[in-house]
Amino acid sequence: MSKNKSNRFVPLWMAVCMVIGIFVGTFYANHFSGNRLNIINSSGNKLNNLLHIIDDQYVDTVNINDLVEKAMPQILSELDPHSVYITAREGEIANDDLRGSFFGIGIEFVIRQDTIRVQNVIGNGPAERAGVLAGDKIVEVDDSSFVGKICTNEEAMHRLKGPKDTKVKLGIIRYGEKKVRHITITRGEIPTKSVTSCYMLNDETGYIKLKNFGENTYPELLIALAKLAQQSFSSLVIDLRSNTGGYLESAVQIANEFLSKGQLIVYTQGRAFPRQEFRSDGRGSYQQIPLVVLVDEGSASASEILAGAIQDNDRGTIIGRRSFGKGLVQKPMEFSDHSMIRLTIARYYTPSGRCIQKPYSDGNRYEDDFVTRYQHGEFFSQDSIKHTGPEYHTNNGRVVYGGGGITPDIFIPEDTLNMTSYYKEASMSGLILQFAFNYTDANRQKLSGMDEVKEMEAYLKRQDIVEQFASFADKNGLKRRNLMIQKSHKLLERFLVSRIIYNIHSEQAWTEYINQDDPAIKETLRLFKENAAFPQAPAKPSKDKRIAYAKI
């Protein structure tokens with residue numbers, strides 16, 4: 001009987017023990033666990049509570065989702081310049097260039113006077129097959145007017161892109177016509193190229209221009225190299241100027257083509273991510289070819305990985321100006337609504353051990369780095385480059401620096417000899433681009449008959465294109481300054497002619513034209529001619545000199 005009584009109290013005692021256990025566990029968790037976890041939990045609850053309070057009690061109705069969308073970028077901006085929040089639409093646009101293709105109609109366009117102007121039509125793309133021509137103005141999309149303030153780059157891409165095999169109806173006004181003609185286009189896959197130019201600079205030297213580092217950059221490079229091989233190239237220049245980067249893996253694959261087996265290309269390391277090394281496997285087909293890599297202040301991220309691997313392994317010569325200085329690795333993390341964050345999880349280091357990330361403060365500010373470089377005269381003199389990082393050494397013992405980009409082996413200053421405030425304003429205001437497009441549009445039929453770039457160049461110079469621009473600019477707010485126009489005549493003419501060539505032909509034709517008198521290209525060819533593309537170890541002081549130094 002007493003045994004049965006005691007059994008009845010067992011559940012009660014178990015319940016009491018569980019309560020005591022929970023209490024003790026909570027006490028110890030709160031007082032003896034890491035403060036970091038407590039802070040994260042309490043702050044997370046604080047943010048959630050704040051949103052609930054606003055939703056329940058704020059004087060006006062608030063869209064909490066919009067509030068969160070605006071708050072997330074602010075939170076991430078406190079970390080570093082490259083940890084960002086991206087909406088679903090922004091993410092789609094940002095990734096198109098790197099994916100290698102997207103679904104759309106196949107045009108390049110600019111927006112002038114609140115109207116889409118077709119600049120180029122991609123060959124054999126949906127738009128070309130439907131009859132769209134360069135110079136057409138798109139004024140309607142799917143029977144709705146699309147001009148005025150609503151006509152922005154983002155909205156245009158949103159309306160013109162879409163799933164494969166879907167249709168979009170465009171209302172187009174063609175040059176010389178007043179009536180709107182309607183064209184229905186079936187969207188298709190549009191390739192995006194990383195290799196924008198590939199040709200021979202002379203009988204021996206191949207040239208490849210890389211726009212970015214995307215999913216298809218490496219196979220595109222192999223195709224370009226095969227094309228140059230058919231023309232028997234024996235030296236190579238890879239142009240990374242204004243290449244803002246992309247995928248680390250693509251940079252590693254490309255570096256692998258030029259390095260011997262086992263050479264370090266890059267390594268990454270972060271607080272939560274142990275060191276990961278990327279080394280060459282020795283299968284590259286171009287391990288011995290003389291190589292030059294061109295960089296400038298617009299070369300960033302994956303561009304700097306490739307340039308750093310070539311420089312630190314003494315594999316080739318870097319020519320140009322100091323690169324951007326982005327040495328942080330971002331990991332994309334997508335939410336259920338396809339928005340995402342790109343969170344910095346590690347730094348990358350070149351083979352010598354240097355991190356080329358330039359200084360930043362307050363999370364997202366580079367303290368006007370480009371302005372500072374300009375004011376210090378860095379774009380015009382190598383002696384003005386301010387190295388903020390320690391010294392490192394290449395395989396051959398050459399000194400290189402971290403903490404602010406890749407400093408080239410051979411410095412090429414900006415051309416300031418003929419620079420004037422008139423030229424700066426003309427280029428930065430967009431007036432040169434506007435005039436070039438208007439001129440192209442008005443003379444498209446005649447210009448389209450000129451297949452050779454040199455023929456078009458000679459024709460445009462005979463038309464006194466600079467004088468025509470000066471009159472156009474004067475009517476559009478840029479006062480004529482004859483002495484400055486005369487001093488900057490060569491720069492103005494070069495810019496104007498290059499943009500008209502681009503509008504009529506292609507980006508490769510534009511590149512070939514501007515490379516004709518490019519100082520970096522000239523220096524590259526000189527280096528190859530003198531068989532000096534492979535960097536040499538610095539000369540060691542003689543024994544006598546070392547003794548003399550020791551006595552001082």
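Given the structure is predicted, the values throughout are model-derived calculations rather than measurements.

Chemist: Talk me through the nonpolar core; I want residue IDs and the actual numbers.
Modeler: Core analysis: the largest hydrophobic core is formed by 43 residues, its most contacted members being Ile-208, Leu-210, Leu-236 and Phe-258. A per-element tally of this core places helix 10 (residues 302-312) first, with six residues. When residues no more than four places from it in sequence are discounted, the contact partners of Leu-210 are Ser-194, Val-195, Thr-217, Leu-221, Ile-238, Asp-239, Leu-240, Asn-243 and Ile-254. Counting 32 residues, the second-largest nonpolar core is a separate cluster that includes Phe-435, Phe-469, Ala-470 and Phe-472.

Chemist: Before we move on, can you summarise the packing of helix 13 (residues 431-442) against helix 18 (residues 489-504) with the specific residues and values?
Modeler: When two helices pack together, their arrangement is given by the angle between the helix axes and by the axis-to-axis distance. Following both chains from N to C, one finds helix 13 and helix 18 inclined at 50°, their axes separated by 9 Å at the closest point. When the axes of helix 13 and helix 18 are compared, the pair comes out oblique. The handedness of the crossing between helix 13 and helix 18 is right-handed. Where helix 13 approaches helix 18, its residues Ile-432, Leu-433, Phe-435, Ala-436, Phe-437, Tyr-439 and Thr-440 are matched on the opposing element by Leu-492, Phe-495, Leu-496, Arg-499, Ile-500, Asn-503 and Ile-504. In the contact of helix 13 with helix 18, the residues fall into 11 nonpolar, two polar and one charged.

Chemist: Could you give an account of the packing of helix 15 (residues 453-462) against helix 18, with specific residues and numbers?
Modeler: At their nearest, the axes of helix 15 and helix 18 sit 10 Å apart, and the two run at 130° to each other. Classified by the angle between their axes, helix 15 and helix 18 sit oblique to one another. Pair helix 15 / helix 18 crosses with right-handed handedness. Judged by residue contacts, Val-453, Met-456, Glu-457, Leu-460 and Lys-461 of helix 15 engage Glu-493, Val-497, Ile-500, Ile-501 and Ile-504 from helix 18. Among the residues making up the contact of helix 15 with helix 18, the classes are represented as seven nonpolar, no polar and three charged.

Chemist: Describe unusual backbone geometry, and please don't skip the residues or the numbers.
Modeler: For residues that are not glycine, phi is negative in most cases, and the peptide bond is trans in most cases. In this structure, Ser-232 is a non-glycine residue whose phi angle is positive, near 60°. Here Ser-232 is to be found in the loop between helix 8 (217-230) and strand 12 (235-239). A relative accessible area of 55% means that Ser-232 is categorised as exposed. A positive phi is found at Asp-464, a non-glycine position, where the angle reads about 50°. If you trace the backbone, Asp-464 turns up in the loop between helix 15 and helix 16 (465-475). In this structure Asp-464 comes out as partly exposed when scored by relative accessible area, which is 39%.

Chemist: How would you explain the side chain of Thr-420 if you had to name every residue and give the values?
Modeler: With respect to the helices and strands, Thr-420 occurs in the loop between strand 21 (410-411) and helix 12 (421-428). On the accessibility criterion, Thr-420 (7% relative accessible area) is buried. A polar side-chain atom of Thr-420 sits 2.7 Å from a polar atom in the side chain of Ser-488. If we ignore the near neighbours within four places in the chain, the residues touching Thr-420 are Met-484, Lys-487 and Ser-488.

Chemist: Residue-level account of the packing of aromatic side chains, with values.
Modeler: Ring pairs (aromatic) are described by centroid distance and by the angle formed between their planes. Per the stated rule, a full pass over the model turns up eight aromatic pairs. Ring plane angle 40° and centroid distance 6.4 Å describe the contact between Phe-258 and Tyr-286, whose orientation is recorded as tilted. Here Phe-258, found in the loop between helix 9 (248-256) and strand 13 (264-270), pairs with Tyr-286, found in the loop between strand 14 (273-279) and strand 15 (291-295); they are 28 residues apart in sequence, far enough to count as distant. Neither Phe-258 nor Tyr-286 differs from the other in exposure class; each is buried. Between Phe-435 and Phe-472 the ring centres are 5.6 Å apart and the planes differ by 55°, which places this aromatic pair in the tilted class. Here Phe-435, found in helix 13, pairs with Phe-472, found in helix 16; they are 37 residues apart in sequence, far enough to count as distant. Each member of the pair, Phe-435 as well as Phe-472, is classed as buried. Here a set of aromatic residues connected by ring pairs shows up, and it is made of Phe-435, Tyr-439, Phe-469 and Phe-472. In this structure, Lys-358 is placed above the aromatic ring of Phe-324, and the distance from its NZ or CZ to the ring centre is 3.5 Å.

Chemist: Mind laying out the pairing of strand 10 (residues 195-200), listing which residues take part and the relevant values?
Modeler: Counting buried positions over the six residues of strand 10 gives six, a clear majority of the element. Pairing geometry for strand 10 and strand 11 (residues 205-210), over five bridges, is antiparallel. Paired with Ser-197 across the bridge in strand 11 is Lys-209.

Conventions adopted
Residues numbered from 1 in each chain as written. Predicted model: local features only at pLDDT ≥ 70, side-chain atom pairs only at ≥ 80, totals over all residues. Heavy atoms only, no water. Core = buried A, V, L, I, M, F, W, Y, C linked by side-chain atoms within 4.5 Å. Buried < 20%, exposed > 50% of the residue type's maximum accessible area, 1.4 Å probe, protein only. Helix = DSSP H or I, 4+ residues; strand = E, 2+ residues; numbered from the N terminus. Contact = heavy atoms within 4.5 Å. Axes fitted to C-alpha atoms, helices over the stretch in contact; angles between N-to-C directions. Parallel < 35°, antiparallel > 145°, perpendicular 65-115°, else oblique. Left-handed = near helix turned anticlockwise from the far one by under 90°. Nonpolar A, V, L, I, M, F, W, Y, C, P; charged D, E, K, R; others polar. Polar contact = N/O pair within 3.5 Å; in protein donor to acceptor, adjacent residues only side chain to side chain. Phe/Tyr/Trp six-rings, centres within 6.5 Å; stacked < 30°, edge-to-face > 60°. Lys NZ or Arg CZ within 6 Å of the ring centre and 35° of its normal. Pairing = 2+ DSSP bridges.

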